[in-house]
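Spelled out, the chains give:
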Amino acid sequence: MNGAVNGAVDGAVNGAAAGARNVIAVDIGGTHTDAALLAADGTLHVHKVPSTPTDPGLALVTAVDGLLERSGLAPGDITAVVHGTTVATNAVLTGDHARVGLLVTAGFDDILEIGTQQRPDLYDPWRPKAAALVPRERVHGVRERIGADGSVVTPLVDDDVRRAARALAGRVDAVAVVFLFSFADAAHERRAGALVREELPGVPVTLSSSVAAEFREYPRAATTVLNAALLPRTGGYLARLEARLRERGFACAFQLMTSAGGVVPAALATSLPVALLVSGPAAGAIAAAEIGRRLGEPDVVMLDVGGTSADVALIEGGQPRRRYRGEVAGLPVALPQIDVLPIGAGGGSLARVDAFGSLTVGPDSAGADPGPAAYGSGLRATVTDAHLVRGSLDPAGLLGGALPLDADRARAAIERDVAGPLGLTPEAAAASVIRIADGAMADALRAVTVARGIDVRGRALLAFGGAGPLHACAIADDLGVARVVVPRHPGLTSALGLLMGDGRHDLGRTCVAPLRALDHARVDALIGELVDEATRLLRGAGVADAPRLSLDADLRYAGQAYELTIPVSAACALRPEDTGRLETAFAEAHRAVYGHAWHDVPVELVTLRVRAVVPRAAVDWAAGHRAPREPARRYRSGWDATGAPVRYTVVDRVDVEPGLRGPAIVRQTDTTTLVPRGWWVTRVDGVAMVIERVEPVERVEPVEPVEREGS
Amino acid sequence: MRVADPAVRELLWNGFDAVVGEMSLLLKRCSFSPLIREMLDFSCGFLDARGRLVADSHLIPAQAGTLEFALAGALARTGPLAEGDVVVTNDPYSGATHLPDLEVFMPVYAGGELLGHVATVAHHVDIGGVSARNRGAVPGHREASRDLYEEGLQLPPVRLVERGRRNDALWDVVLRNVRDPESVEGDLMAQLSACRRGVERLRELAGRHGAATLRAAADDLIDDTSARAAAVLRGWPEGTVTATGFLDGDGLHYDEPLRVHAAVTVGDGRMTVDLSRSAAQTTGTFNVPWSSTYSGLYYALRCFLGPGIRQNHGYMRHVEARAPEGSLFRPRRPAAVMSRHMAVQVLTDVVFRALGELLPDRAVAASHVSFPVLLMHAVDPRDGASRTLMDTVGGGGGARRGAAGDDGIDSYTSNCALMSAEVIELEYPWRVRACALVPGSGGSGTWRGGLAVRRDYELLADRASGRVAAEQRRPEHAARGAAGGGPGAPASAMVSRAGGPWEPLPYDTSSLSVRRGDVVRLTAAGGGGYGPPTAPSAAPSHRADGDEAPRDVEVGLDRRGGLAQRGQQRGAGLGRGAVGGVHGDVDGGDGA
């Protein structure tokens, strides 16, 4: 592949926002760097170039130059460059961390090693627990103690801190400080941080009270240590990129998208890299929300399927659903993030039949290298190969022919790995592989929706990524969803999301107390601190100076351990008269999620959360849609989900018109959409293509089970 | 296979796991007892119409293994369950385990056809009975015996909900007989909601694939697992291996150790475990209900069967236990069973050792089975409420070829998470002064044993009373090493009063009473080492903790490789697991 594979497109030119803004987004992935420019007039330009892993800034500059050329804008016209990066994620996945020193309350030196005390695999006594991120010789206990109420139990012993810092000198690239109950009073952590900076000038220091001021020491410690481990590398990376942009004459804001889907200044991202861990999927979810809004669908289910994995998320009321705890590479991350559930199912997922005749698909993947058998170097059968055998992928190749596919190799792999062992035809075997992959994705979607009491029927499924639109209609049928949306540029959705994110930062602070007996003076003071902090951190993140603030509270019944987040007020205040309303709202939420609620159990406040949002300018964008040409339809023989023969209509995306009926295959550069029988296209424009079910679902009847005398 | 379409089969198998997983998440998140919500002492499952386990939640093997027995016991008493019925039981003599573990079952009907049963079992914070606070209130008094009646309210299988209507009389009786009715009601309700969720999801699965297909897929899953287990078992050498282990006492009396002897016979695709040479039923609290005996055996077998075995009846059917009635592992009503977990853990350990003899490549050193527990009542000065803290800490895992034992884990059939110190201090009048690994507590070896955790609790209330317990305190019962590795350090329980020195607590501390500022220290046992200790290593000991003088082993804390032992373990390689072959006897010399 060389150069740009996707040209500039003309957009609908209307609804330009007040305060002219030309924003560039750059999403640097493992193989491609995607860039998009949203001009003040609503025009959207996109550009895709190969990534340059050894010097990611090179691809960024190439992509940005391409956009400027197409748009006719100069660096000085650009108001912001928003970046989505996997630099932090990759560092975690590959274990490529900085050397961290940890200062912890004396007596808790082994906090990382003990962890949750749970074994990695209950039934495998040969599998060891993962090593702690900080080896024990770089952990130092410090005498100090704050009580549960924030009072000082043992004053901080400065000498302990200095001694520890000196012992770490020259042996660490960053230092983390985690003291018990620092969420109740951070004074000791702050003092210790200052002393470490004095002793170790130039070494970045991260405090648990600044990263995640919430209770439960182990997840907080793990998050803080991970942040420290990412600080040097991420900081250097962002500084180099910014320098590159400055060299090119960009004087504008340089911003990043966080895991929570907020756009923040590079300075904040530099000090809080752990907040970037799921930046990419978050951008996808933000784009999904924006596309849904544009289509008048505030509630959509998102499915992003790539080569090795898929991400699913839920958009409600125009906003991606968020959560306040997550996990990355087996480590707890106690930070707000968009509730994206990753699953090991993608185009490269391997299909195999074991000695007992069980067919499984994934979670291991052929990845990009060697890739599916059809790519020419891999041998093992993958989901992509199954699609080729089934006729749902075009043998002419992907990426507009830039990536040719070898149908014979795919067929041979499916025959050898699946059809042979099962005694099926290759087509039936391919259909089975695809159905299992569909089922894994549908189960993941159920986990983010129905498992939380959310009915998805009546909502739309928004599918993107290279393989999402191939699976979307089948998954929709499984879930009882009757509408599928495929964005105009399914391969550039993350870049689009970067353009659509509001400036946003969330801050939380644990403050456990019965709702009916709150010390409102203390609560007010706490909210005030959170507001000041969020406002300060967000400065420079958006068009407005003052962020829009709102307050949420994590509540639970006294005695429970897990909370539900309930909105308190847009006025950012929690007053005594709010108590009754919050209790009712909490009980309703509890009933919706768990199926029951209590009347006489007291409700407790656990964590206060302030959300600061600097809205981006609303722009009525649309991307590259022009009237279809003369229908240039072709037909291809293939097989449907059950392995029965079918004739697919094959159309290029630019030629699709509403009314196209399945079975059909819609081709475009960055994806292939499968429209099965019973579905038809109802809308095509610069925002998306909408496919709806026209006939009731005919259940795919499996072979009738034979009831035998059981064992 | 009854379901010919491999895709549908796989979809349903994964679907069963997803349903049980969703039930578990719901139960954890809306429950009240810290045992459930923090330590995850609960399990969920799906059993077919015939009561065979199809899928479980991978949480507490000790509980999950009892589900089939408890459901069979329930159905025998109540007859078939109608749509909308929910049955509860905690009766150790009709299939359940110990009284605080309430097992709840609900049938799943789709279109009038019984698909199976969903199940939850959870450890409740209290189930009535004689309070630890009152027990042994007379100083110097020692209990002669205990029985099931003292352990709490017994619930023979009975309908908690009948055709959708809550059995209010039963709820009233239960809640009137427990000390913390709010928690018990909350947790029972959480169990009920989890069951209802499971029923809904299974009905949806049946709606998508057909009820007959769902049932057939469950049959296939069990048969598939059974075939896999049989294939592994047939690859093992046939014969009988025996192993012996010991408990320090019976839960009340510690004059004599309690013997656990297993003769494990492998042949014809089965594993038979004869326990008839184990101790007789005791007057203490370590008696093991028959279902729990099986749980320990299921767990041990599953570990040795290796990957690719799903958690269901399919491999369980290859296990058979033998023990005479009236014995430790098959007691008669009304023997007390409250602390049966201690004996189940030793049983599991003994079977691990026997299987390690049969399959030397897979031998592992022993993990700790000490399970230290603090269970104390105190009035919280912050609000005047009476609160009971129950906490336990993990010990060392057994080393294996190629890796040191895990530090700080719960072991074998138990899988309790560590309660956060901040949670303890926010909710109870206690301060956790330290929670640390004990240097040197892992057995010596080429790969050292895992380190034990120790936790110090300072009382912030005027006074507290209750019970502190820990097994495996005798050095001769410490976690054995394997292949020449040394044993782990034993467990201990101590108290420091008014800033004074550490005093070891006797076993029988049912009546422990402490005052403000006193500190209770629980220390679990370390894990056994693997392989002979190697030459002294240059790895420095990471700190000198002063108050720990763990035996005569000095272990440098090389956390990664474990090649850091210095000094010789006294008695290392003496008999522990070193004798015997396939038909031999591998009884350790310890305490016999």
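Model, not experiment: these values are computed from the prediction. (Residues numbered from 1 in each chain as written. Chains lettered and ligands numbered in written order. Predicted model: local features only at pLDDT ≥ 70, side-chain atom pairs only at ≥ 80, totals over all residues.)

Focus: the overall build of chain A
- Broken down by element type, chain A carries 16 helices and 34 strands.
- Taken over C-alpha atoms, the radius of gyration comes to 27 Å for chain A, in line with the 27 Å a tight globule of 711 residues would show.
- Across its three principal axes, chain A shows a C-alpha extent of roughly 80 × 75 × 55 Å.
- Relative to its 711 residues, chain A shows a buried fraction of 56%.
- For chain A, the proportion of contacts with a sequence separation of at least 24, taken over those separated by at least 6, is 69%. (Helix = DSSP H or I, 4+ residues; strand = E, 2+ residues; numbered from the N terminus. Rg over C-alpha atoms; globule rule 2.2 N^0.38 Å. Buried ≥ 20, exposed ≤ 12 C-beta atoms within 10 Å, placed from the backbone. Contact = placed C-beta atoms within 7 Å.)

Brief notes about the sheet that holds strand β6 (residues 139–142) of chain A
Residues and elements named next belong to chain A.
- Reading across from one edge, β6-β5-β9-β10 is the order of the four strands in this open sheet, with parallel pairing throughout. The open sheet has two edge strands with one neighbour each: β6 and β10 (205–207). For this sheet, the mean inter-axis angle between neighbouring strands, taken without regard to orientation, is 20°.
- Note: strand β9 (residues 174–178) against β10, three bridges, orientation parallel. Paired with Val177 across the strands is Leu207, a residue of β10. (Pairing = 2+ DSSP bridges. Axes fitted to C-alpha atoms, helices over the stretch in contact; angles between N-to-C directions.)

Brief notes about the interface of chain A and chain B
- Opposite the 61 residues of chain A that make contact, chain B presents 70 residues.
- Sorting the residues of the side of chain A that touches chain B by element identifies α3 (111–114), α7 (217–247), β22 (359–365) and α12 (426–448) of chain A as the ones contributing at least two each.
- Among the residues making up the side of chain A that touches chain B, the classes are represented as 30 nonpolar, 15 polar and 16 charged. (Nonpolar A, V, L, I, M, F, W, Y, C, P; charged D, E, K, R; others polar.)

A look at unusual backbone geometry
- The residue after Gly662 of chain A, namely Pro663 of chain A, is reached through a cis peptide bond having omega 5°.
- Its location among the elements puts Pro663 of chain A in the loop between β30 (645–652) and β31 (664–668).
- Following Arg333 of chain B, the chain continues to Pro334 of chain B via a peptide bond in cis, the omega torsion being 5°.
- With respect to the secondary-structure elements, Pro334 of chain B resides in the loop between β11 (319–322) and α11 (340–358).
- The phi dihedral of Phe181 of chain A is positive, around 55°, even though this residue is not glycine.
- Of note, the phi angle at His58 of chain B is positive, near 55°, even though the residue is not glycine.
- By the element assignment, His58 of chain B lies in the loop between β2 (53–56) and α3 (61–64).
- The class of His58 of chain B is partly exposed, set by 18 C-beta atoms lying within 10 Å.

Looking at the confidence of the model for chain A
- For chain A, the mean per-residue pLDDT works out to 87, and 92% of the residues sit at or above 70.
- Counted against residues more than four places away or in other chains, residues 1–19 of chain A, with its pLDDT under 50, gives 53 contacts. (pLDDT = per-residue confidence, 0-100.)

Comments concerning the environment of Arg446 of chain A
- Within the fold, Arg446 of chain A resides in helix α12.
- Discounting chain neighbours no more than four positions away, the residues touching Arg446 of chain A are Ala451 of chain A together with Ala18 of chain B.

As for the packing of helix α9 (residues 290–305) of chain B against α11 of chain B
Residues and elements named next belong to chain B.
- Direction vectors running N to C along α9 and α11 enclose 35°, while the axes themselves pass 9 Å from each other. Crossing hand, α9 versus α11: right-handed. Listed contacts from α11 to Ser292, Thr293, Ser295, Gly296, Leu297, Tyr299, Ala300 and Phe304 of α9 are Arg340, Val344, Leu347, Thr348, Val351, Phe352 and Leu355.
- When grouped by side-chain class, the residues that make up the contact of α9 with α11 number nine nonpolar, five polar and one charged. (Left-handed = near helix turned anticlockwise from the far one by under 90°.)

With respect to the domain arrangement of chain A
Residue and element names in this part refer to chain A.
- According to the domain assignment, chain A consists of domain 1 (96–225) and domain 2 (502–614).
- Distance between the C-alpha centres of domain 1 and domain 2: 27 Å.
- Taken residue by residue, the interface counts four residues in domain 1 and four residues in domain 2.
- When its residues are assigned to classes, the side of domain 1 that touches domain 2 shows three nonpolar, no polar and one charged. (Domains from an automatic or database assignment.)

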